Amino acid sequence: QKMPPSLPATINIREPRWDQSTFQGRAKHFFMVTDPRNLLLSGATLEEARRVVEDYRAGTVQPGLTEDQLWRAKYIYDSAFHPDTGEKMILVGRMSAQVPMNMTITGCMLTFYRTTPAVLFWQWVNQSFNAIVNYTNRSGDAPITPSQLGTAYVSATTGAVVTALGLKSLTKHLPALIGRYVPFAAVAAANCINIPLMRQRELKLGIPVTDENGNRLGESTAAAQKAIFQVVVSRIGMAAPAMAIPPVIMNMLEKRAFLKRYPYLNAPLQVGLVGLCLVFATPLCCALFPQKSSMPVSSLEPEVQEQIRKKDPWLETVYFNKGL
């Protein structure tokens, strides 16, 4: 029996497998990145994936390794290890934990929205989870200090709770269905506060902008603003289907005899519906904008434009990593 031909050492596994200039390619990439099954992988499987990836990057191709096995190892490695530090990430902070964690928290936010203590508790849980995710997926170039983390956490939690309680008081005399959308409004408000605060260093000092080949040309605050805006839109988009569709279904079900007879099924049903929405909404909303985003040189700050013109007078477009 003939051995399969050795895999060439020229596959670029630093980039995603699929074409990131198309929505379909980005969606395929993020379905892999956010796959909740990666949370169930053993420590030995993660270490084996790390060994395959690090060996391949160093130019050593393991005998019999296929291209599919290499890409599988790359996505397992990316799901558990920090891209800049190489450290194993906190389990609940990984992108593969987004669906199970968010479906539980969001489901409970939508179920227990009627009393003030429940609103306070679940908004606090949600922002605590967001703080862990933002810390776990921090950029190595712009580390988050404990004071920045604390400020973002307190501000986002306060913003979410104030919005939730304010809207809850306004909806007392409105139809019950409208009251169910209070948690979504609070989450959207918190995202608008939390993400810019978490990335305030980028807004002050700028993020690296590069040419098409990845050559660093400088740091731009205009690029940081665009990146953070795109991430805020993606995060709100992720929450929208999971917080907009289940309330309509639950409102209909609660009027039927079934849920009146078995009221304890309310929370599990809500969590299940949210989970179904998030399985698709999370990767599809991550894919709304390319991870490697771009903007015209003419849209950058004048001093950055001047800096780039000195290096390459004909360059029209720069690229940057928008973050997640």
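Each value, and the rule that gives it
Residues numbered from 1 in each chain as written. Predicted model: local features only at pLDDT ≥ 70, side-chain atom pairs only at ≥ 80, totals over all residues. Heavy atoms only, no water. Helix = DSSP H or I, 4+ residues; strand = E, 2+ residues; numbered from the N terminus. Expected span 1.5 Å × (residues − 1). Bend = angle between axes of the 7 residues up to and from the residue. Polar contact = N/O pair within 3.5 Å; in protein donor to acceptor, adjacent residues only side chain to side chain. UniProt positions renumbered as here; feature names shortened; annotations may be inferred. Domains from an automatic or database assignment. Contact = heavy atoms within 4.5 Å. Buried area = accessible area lost by both parts, 1.4 Å probe. Salt bridge = Lys/Arg side-chain N within 4 Å of Asp/Glu carboxyl O. Axes fitted to C-alpha atoms, helices over the stretch in contact; angles between N-to-C directions. Parallel < 35°, antiparallel > 145°, perpendicular 65-115°, else oblique. Left-handed = near helix turned anticlockwise from the far one by under 90°. Nonpolar A, V, L, I, M, F, W, Y, C, P; charged D, E, K, R; others polar. Core = buried A, V, L, I, M, F, W, Y, C linked by side-chain atoms within 4.5 Å. Buried < 20%, exposed > 50% of the residue type's maximum accessible area, 1.4 Å probe, protein only. Phe/Tyr/Trp six-rings, centres within 6.5 Å; stacked < 30°, edge-to-face > 60°. Lys NZ or Arg CZ within 6 Å of the ring centre and 35° of its normal. Patch = residues over 30% accessible without salt bridge, like charges linked within 9 Å, V, L, I, M, F, W, Y side chains within 5 Å. Areas by Shrake-Rupley, 256 points an atom, 1.4 Å probe, with all protein chains shown as cover.

Regarding helix α10 (residues 221-253)
Phase 1 of the analysis: In this model α10 runs 49 Å from its N-terminal to its C-terminal C-alpha over 33 residues, within 8% of the 48 Å that 1.5 Å per residue would give.
Phase 2 of the analysis: Largest kink in α10: about 30°, centred on A240, with the proline P241 one to four residues after it.
Phase 3 of the analysis: Measuring from the backbone nitrogen of A222 back to the side-chain oxygen at the start of α10 gives 3.2 Å, which picks out S220 as the cap.

Here we look at the UniProt feature "transmembrane region" (unreviewed entry) in the chain
Phase 1 of the analysis: Mapped onto this numbering, the UniProt entry annotates "transmembrane region" (unreviewed entry) at residues 227-249 and 269-289.
Phase 2 of the analysis: From the first C-alpha to the last, residues 227-249 spans 35 Å; its make-up is 100% helix and 0% strand.
Phase 3 of the analysis: Along residues 269-289 the backbone is 86% helical and 0% strand, and the end-to-end C-alpha distance reaches 32 Å.

Quick look at the domain arrangement of the chain
Where interface size is given, it is often the accessible area lost as the parts come together that is meant.
Phase 1 of the analysis: Segmentation of the chain into domains returns domain 1 (23-88) and domain 2 (95-321).
Phase 2 of the analysis: Between domain 1 and domain 2, the C-alpha centre-to-centre distance is 26 Å.
Phase 3 of the analysis: On the domain 2 side, the residues contacting the 15 residues of domain 1 number 22 residues.
Phase 4 of the analysis: Taking both partners together, domain 1 and domain 2 bury about 1,400 Å²; carbon and sulfur atoms supply 69% of that area.
Phase 5 of the analysis: Viewed at the interface, domain 2 and domain 1 are joined by 0 salt bridges.

A short note on the packing of helix α1 (residues 23-33) against helix α12 (residues 266-286)
Phase 1 of the analysis: Remark: α1 packs on α12, axes separated minimally by 8 Å, with the N-to-C direction vectors making an angle of 125°. Accordingly, the angle class assigned to the pair α1 and α12 is oblique. Where α1 crosses over α12, the handedness of that crossing is right-handed. When α1 is examined against α12, the residues F23, A27, F30 and F31 are found in contact with a partner set consisting of V279, F280, P283, L284 and C286.
Phase 2 of the analysis: Its residues placed into classes, the contact of α1 with α12 shows 9 nonpolar, no polar and no charged.

Some words on the nonpolar core
Phase 1 of the analysis: Counting 26 residues, the largest nonpolar core has L7, I11, I13, Y56 and L70 as the members making the most contacts within it.
Phase 2 of the analysis: Of all the secondary-structure elements, those providing two or more residues to this core are α1, α2 (43-57), α3 (67-80) and α12.
Phase 3 of the analysis: Ranked by residues supplied to this core, first place goes to α3 with 7 residues.
Phase 4 of the analysis: Counting contributing residues, this core receives three or more from each of domain 1 (23-88) and domain 2 (95-321).

Considerations on the side chain of T221
Phase 1 of the analysis: Checked against the element boundaries, T221 lands in helix α10.
Phase 2 of the analysis: T221 sits in the buried class, given a relative accessible area of 18%.
Phase 3 of the analysis: Beyond its immediate stretch of four places on either side in the chain, T221 contacts E202, L203, K204, L205, G206 and E301.

Quick notes on the pattern of salt bridges
Phase 1 of the analysis: The final tally for this structure, using the stated rule, is 8 salt bridges.
Phase 2 of the analysis: In this structure, the salt-bridge partner of D35 is R37, at a minimum N-O distance of 2.8 Å.
Phase 3 of the analysis: For D35, a relative accessible area of 12% translates into the label buried.
Phase 4 of the analysis: R37 gets classed as exposed once you look at its relative accessible area, which sits at 60%.
Phase 5 of the analysis: A salt bridge links D55 to R51; the shortest N-O distance between them is 4.0 Å.

Some points on the packing of helix α8 (residues 182-198) against α10
Phase 1 of the analysis: The N-to-C vectors of α8 and α10 enclose an angle of 160°; their axes lie 10 Å apart at closest approach. The angle between the axes of α8 and α10 places the two elements in the roughly antiparallel class. Helix-helix and strand crossings are classified by hand; for α8 and α10 the assignment is right-handed. Judged by residue contacts, P183, F184, V187, A188, N191, C192, I195 and P196 of α8 engage I228, V231, V232, R235, I236, A239, A240 and M243 from α10.
Phase 2 of the analysis: For the contact of α8 with α10, the residue count by class is 14 nonpolar, 1 polar and 1 charged.

Thoughts on the side chain of S96
Phase 1 of the analysis: Among the secondary structure elements, S96 is positioned in the loop between α3 and α4 (98-111).
Phase 2 of the analysis: Residues within four places of S96 in sequence aside, it is in contact with V33, T34, D35, P36, N38, L39 and S79.

Re the packing of aromatic side chains
Phase 1 of the analysis: In this structure the tally under the stated criterion is 5 aromatic pairs.
Phase 2 of the analysis: What links up through ring pairs into an aromatic cluster is the set F121, W122 and W124.
Phase 3 of the analysis: Here the guanidinium or amino end of K74 rests over the ring plane of Y75, the centre of that ring lying 5.6 Å away.
Phase 4 of the analysis: Stacked on the ring of Y319, the Lys or Arg K292 has its end atom at 5.4 Å from the ring centre.

Details of a nonpolar patch on the surface
Phase 1 of the analysis: Among the surface-exposed residues, F23, F31, F229, V233, L276, V279, F280, L284 and L288 lie close enough to one another that they form a single nonpolar patch of about 780 Å² accessible area.
Phase 2 of the analysis: Of all elements in the fold, only α1, α10 and α12 reach the threshold of two or more residues within the nonpolar patch.
Phase 3 of the analysis: It is α12 that contributes the most residues to the nonpolar patch, 4 residues altogether.
Phase 4 of the analysis: As for its position among the elements, F31 is in helix α1.
Phase 5 of the analysis: Given a relative accessible area of 33%, F31 falls into the partly exposed group.

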